[in-house]
Amino acid sequence: MNQRGLTMIELMIALVIGAVLLIGAVSVYSSSRATYRLNESMARLQENARFALTHMEPDLRLANYWGLTNRADIIERRRGQADQLAAIATDCADRWYINVDSPVEGANGTNAPFAGCIDAGSYQAGSDVLVVRHASADPVTVLANNRVHLQSDRTRGALFLGDLIPAGFAPPPASVTHTMIANAYYVAPTSPTLGNVPSLRRRTLVRGPAIRDEEVIPGVEDLQVQFGIDLDAEGTPGRGAVDRYVNADNPLLDPAAPGFDPDTRIVAVRLWLRLRTETVEQGHTDTSGYQYADQIIAPPNDGYRRIVVSKTIQLRNLRG
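Bear in mind that the values here come from a model prediction, so they are computed numbers and not experimental data. (Residues numbered from 1 in each chain as written. Predicted model: local features only at pLDDT ≥ 70, side-chain atom pairs only at ≥ 80, totals over all residues. Heavy atoms only, no water.)

Student: Can you help me understand the layout of surface pockets in this one?
Tutor: Sizing a probe to match a water molecule and rolling it over the atoms shows the empty space that remains. Taken as a whole, the largest pocket spans an internal volume of roughly 1100 Å³. Elements with a minimum of two residues in the lining of the largest pocket: β2 (104-107) and β11 (265-276). Considering only residue class, the lining of the largest pocket consists of 18 nonpolar, eleven polar and twelve charged. The computed volume of the second largest pocket comes to approximately 310 Å³. If you trace the second largest pocket, you find 16 residues lining it, with Glu 40, Ser 41, Thr 277, Glu 278 and Thr 279 closest to the centre. It is helix α1 (residues 8-61) that contributes the most residues to the lining of the second largest pocket, six residues altogether. (1 Å grid on protein atoms, 1.4 Å probe; cavity = no way out; pocket = protein on both sides within 12 Å on 5 of 7 lines; lining within 4 Å. Points joined across faces, edges and corners; volume = space filled by probe spheres on them. Helix = DSSP H or I, 4+ residues; strand = E, 2+ residues; numbered from the N terminus. Nonpolar A, V, L, I, M, F, W, Y, C, P; charged D, E, K, R; others polar.)

The structure is reproduced here in structure tokens:
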């Protein structure tokens, strides 16, 4: 009985077919891996963006909340008063933490107004600064002797340090005690956890009392802020609605500027965050330009992936 094997030609054809199938499988695998890395990078960026906005939004919604009153002008011992609270350790600027007359303020592309708090080496050039002040959402029943508190009733408010409530206030519920909250958000060029990665940070009032610097989330390389302002006079139609959005350095908001309008009120805040991945992605080059707020960013031409997110937040305690 004659037995025949594969001829050389048949063997070569089989090898070629096998190689083609193997190359196809490797190509599909490589493409799937690239798609997975892209989806993972974008999901992480979106998750970080949601975390940052979720962190900042409740803070902004409480701006100008002072317990049982919403009038900052009747709060005693605030900044500028003859009996204002003393400056505290690591104070950002002269008693910035009790400047309740400005529950929301900011700086456009500079840290200059808050340089005593955010020094040049800790600030990402060209990014904005956002400051928010208010009382804690819930009253406190156990007062700490090393915290700044706010006591308020329907006609009066007073800041105080420690656990001794100022004289003249009726006991709860006629008056309530809250913790004073002050936060200054900014972008730093580095992260203490990831090194050479920009990060969203804040200076915040804590026990001591003192001002502490803390990281909110790494991977944020730009924060831009615009304020929705109401130009209508008190008691006129349209009061409480946004007339237009302006940068933080707009003369309408600066009492020292010739164009200052005392009727101007900030009733909304629009935020933009530009986020980037923590590491370079092989084979990717970011050739996109970015335009948002008052920024026009040329293509970075590097290996990081980026997204820009935006959110507008209404300030319910500053309307009306």
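More follows now that the structure is in view.
Student: It is not clear to me how the sheet that holds strand β14 (residues 306-314) should be interpreted in this structure. Could you clarify?
Tutor: In sheet architecture, strand pairing relies on hydrogen bonds along the backbone and comes in two forms, parallel and antiparallel. Reading across from one edge, β10-β9-β11-β14 is the order of the four strands in this open sheet, with antiparallel pairing throughout. Both edges of this open sheet fall to β10 (244-247) and β14, since each of them pairs with a single strand only. On average, each strand axis in the sheet is tilted by 25 degrees relative to the strand beside it, whichever way the strands run. Two strands pair when backbone bridges link them, and strand β9 (residues 220-230) and β11 are joined in this way by ten bridges, in the antiparallel orientation. Bridging from a neighbouring strand, Val 220 pairs with Leu 275 of β11. (Pairing = 2+ DSSP bridges. Axes fitted to C-alpha atoms, helices over the stretch in contact; angles between N-to-C directions.)

Student: Just to check I follow, could you spell out the nonpolar core for this structure?
Tutor: Ranked by size, the top nonpolar core spans 33 residues in total, and within it Leu 60, Val 104, Leu 130, Leu 200, Leu 223, Phe 227 and Leu 271 carry the most contacts. Looking at this core, the elements that each hand over two or more residues are α1, β3 (129-135), β6 (176-188), β8 (210-218), β9, β11 and β14. It is α1 that contributes the most residues to this core, six residues altogether. Look past the residues within four positions of Leu 271 in its chain and what remains in contact with it is Leu 53, Met 56, Leu 60, Leu 130, Leu 223, Gln 224, Val 225, Val 309, Ser 310, Lys 311 and Ile 313. Ala 72, Ile 75, Phe 114 and Ala 184 belong to the second-largest nonpolar core, a separate cluster that totals 28 residues. (Core = buried A, V, L, I, M, F, W, Y, C linked by side-chain atoms within 4.5 Å. Buried < 20%, exposed > 50% of the residue type's maximum accessible area, 1.4 Å probe, protein only. Contact = heavy atoms within 4.5 Å.)

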